[in-house]
Amino acid sequence: FAEVGAFTLATVLIGYIGSRALAAHNVALQLASLTFQVALALGAAASVRVGLAIGRADVVATRRAGMLAIGAGVAFSLVAAAAFFVVPAELAGILTDEAGVIAAAVPLLYVASAFQLGDGVQAIAAGALRGAGDTRTTMFANLAGHYLVGLPLGLALAFVFDLGALGFWWGLSAGLTSVGVLLAWRFWKLSARAIARV
């Protein structure tokens, strides 16, 4: 909810920048959302595997299940990041044939390339933490990352430094990355010992 809310608020605010910026934002967001589905699926799998390992009271398997899912997500995210970086115009061209929108979407896809890793890690680590029974950390990390880091930075870059939609995307990228780091660290720390079954 926190992440979707932040991206939705950014969409509304980018609308004030202009119709081309908004169209480019939507093209890039649709492509980034597509790769995010893989991270969500890996997060769901991590939740189940971590929960099962905790049920068996297997500390090693608990950490292995979460970290293996995060590792798989990192591998996929690197492939997605490479695609966004190497062929951004071709990817944007799948969703629109307007040259101006494609040109405006390309820089946003470069930023999407940069945040693929953080976005993937945060979704998968959230799943691993859910399996461990820790949903509170995920909520607070998302609220802090998106509303104390991502949106304020995005607003400043977009309107104070006049970077427009690109500024919003760098802010959102910083928010996603901070959430990813926090959640991965929390799972690593939590899985160092036996986790009580709830």
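Preceding this paragraph is the structure being described.
The following paragraphs examine the structure supplied in this document. (Residues numbered from 1 in each chain as written. Predicted model: local features only at pLDDT ≥ 70, side-chain atom pairs only at ≥ 80, totals over all residues. Heavy atoms only, no water.)

Along the polypeptide, glutamate 3 turns up in helix H1 (residues 2–15). One buried charge, glutamate 3, has no salt-bridge partner; the nearest side chain with opposite charge is arginine 130, at 10 Å. Side-chain polar atoms of glutamate 3 contact the side chain of glutamine 122, separated by 2.9 Å. In this view, glutamate 3 contacts Phe36, Asp119, Gln122, Asn142, His146 and Leu176; residues no more than four positions away in its chain are not counted. (Helix = DSSP H or I, 4+ residues; strand = E, 2+ residues; numbered from the N terminus. Buried < 20%, exposed > 50% of the residue type's maximum accessible area, 1.4 Å probe, protein only. Lys, Arg positive; Asp, Glu negative; His and termini not counted. Salt bridge = Lys/Arg side-chain N within 4 Å of Asp/Glu carboxyl O. Polar contact = N/O pair within 3.5 Å; in protein donor to acceptor, adjacent residues only side chain to side chain. Contact = heavy atoms within 4.5 Å.)

Quick look at the pattern of salt bridges now. Pairing of side chains with opposite charge becomes possible as their charged atoms draw close. For the structure on display, the rule yields one salt bridge. With its nearest N and O atoms 2.8 Å apart, the salt bridge here joins arginine 186 to aspartate 134. Taken together, the residues span a long stretch of sequence, with arginine 186 in helix H7 (residues 165–190) and aspartate 134 in the loop between helix H5 (99–131) and helix H6 (136–160) at a distance of 52 residues. The exposure class assigned to aspartate 134 is buried, which follows from its relative accessible area of 9%.

Ranked by size, the top nonpolar core spans 30 residues in total, and within it Leu109, Phe115, Phe168 and Trp169 carry the most contacts. For this core, the secondary structure elements donating two or more residues are H1, helix H2 (19–55), helix H4 (88–95), H5, H6 and H7. Residue contributions to this core peak at eight residues, all from H5. Not counting the four nearest positions on each side in its chain, phenylalanine 115 is found in contact with Ala32, Trp169, Ser173 and Leu176. Membership of the second largest hydrophobic core comes to 22 residues, among which are Ala46, Val50, Ala126 and Leu183. (Core = buried A, V, L, I, M, F, W, Y, C linked by side-chain atoms within 4.5 Å.)

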